[in-house]
Structure formats: C-alpha cells, structure tokens
Amino acid sequence: MTMDRQTLEKAGVLLLGPDWKLPLASVLGPHHPEGAREKIDPRLVRRWAAGDRAIPGWVAPVIIDLLMERSKELNNLAWDAAHLAERLIDEGGGYGKYPTAKKD
C-alpha cells in the first residue's frame, strides 16, 4: 500500500498536531518491519514529507490503525462533551444561545 506525502502530512497533523514529524518518528518506531525500536530516524520522516524519499509500504497500514484509534478517541470525547453540555443546561447553567431549560 502506498501513501503520498500530502496524505502523510494530513494524517500526521490529525494525529500529532502541526509539529508532527519528530513525534511520528517515535510513533512509527515500535511498528518497524525489521523489529520494534524506540523510534525511526526522524530524517526519514522529513524526507518522506519533502518528497525526497518514497514512503515505505509498511507505513500506510500503521497510519490507518492510528487514525482509526484516534477517530474512536475523538468520537468518545465528542459524546462526553455533548452530554456534559446537556447536563449543564438541564441543571440551569444555560448560557448565550443555550438558555436555561425551564422545569415545570
């Protein structure tokens, strides 16, 4: 499976924020096909991002797994946030466009 550098960058930012390259080297280390390691050489990630080197085929499946995990985490956080907001509104803590719910 191949991945282009634009997809790598988008995934990196989604997973790790705007300064994603160095952290991605650490995240990928344990998944290296030649054996787990603390991290891969950060220069490799920079070269992939610049288009100077092809992104190895083993990277895309790891990124897919990481994105799916992150998606689940974000869905759980969104659910928690929505329910906390509903609870606050129900408890009379409505603000702005979410006025306090009236109880009969």
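Before going into details, it helps to say that this report is about the structure given with it.

What counts and how
Residues numbered from 1 in each chain as written. Predicted model: local features only at pLDDT ≥ 70, side-chain atom pairs only at ≥ 80, totals over all residues. Heavy atoms only, no water. Helix = DSSP H or I, 4+ residues; strand = E, 2+ residues; numbered from the N terminus. Buried < 20%, exposed > 50% of the residue type's maximum accessible area, 1.4 Å probe, protein only. Contact = heavy atoms within 4.5 Å. Areas by Shrake-Rupley, 256 points an atom, 1.4 Å probe, with all protein chains shown as cover. Arc of directions from axis to C-beta. Axes fitted to C-alpha atoms, helices over the stretch in contact; angles between N-to-C directions. Left-handed = near helix turned anticlockwise from the far one by under 90°. Nonpolar A, V, L, I, M, F, W, Y, C, P; charged D, E, K, R; others polar.

## Quick notes on the overall build of the protein chain
Secondary structure assignment for the protein chain yields four helices and zero strands. Written out in order from the N terminus, the α and β elements of the protein chain read α-α-α-α. Here the protein chain, with 104 residues, has 25% of them falling under the buried criterion. Of the contacts made within the protein chain by residues no fewer than 6 positions apart, 46% connect residues no fewer than 24 positions apart. Approximately 7,500 Å² of the protein chain is accessible, and the part contributed by carbon and sulfur atoms is 54%.

## Observations concerning helix H3 (residues 42-50)
Buried within H3 we find Pro 42, Val 45, Trp 48 and Ala 49. Seen from one end, H3 has its buried residues packed into an arc of 120°, which puts them on one side. Contacts from the buried residues of H3 go to helix H1 (5-16), helix H2 (21-28) and helix H4 (59-90). Once H3 finishes, Gly 51 follows within two positions and takes phi at roughly 85°, a positive value.

## A word on the packing of H1 against H4
Relative orientation of the contacting elements H1 and H4 amounts to 35°, with a least axis distance of 10 Å. The way H1 lies across H4 gives a crossing that is left-handed. Where H1 approaches H4, its residues Leu 8, Ala 11, Leu 14 and Leu 15 are matched on the opposing element by Val 59, Ile 63, Leu 66, Leu 67 and Arg 70. Here the residues of the contact of H1 with H4 are counted per class, giving eight nonpolar, no polar and one charged.

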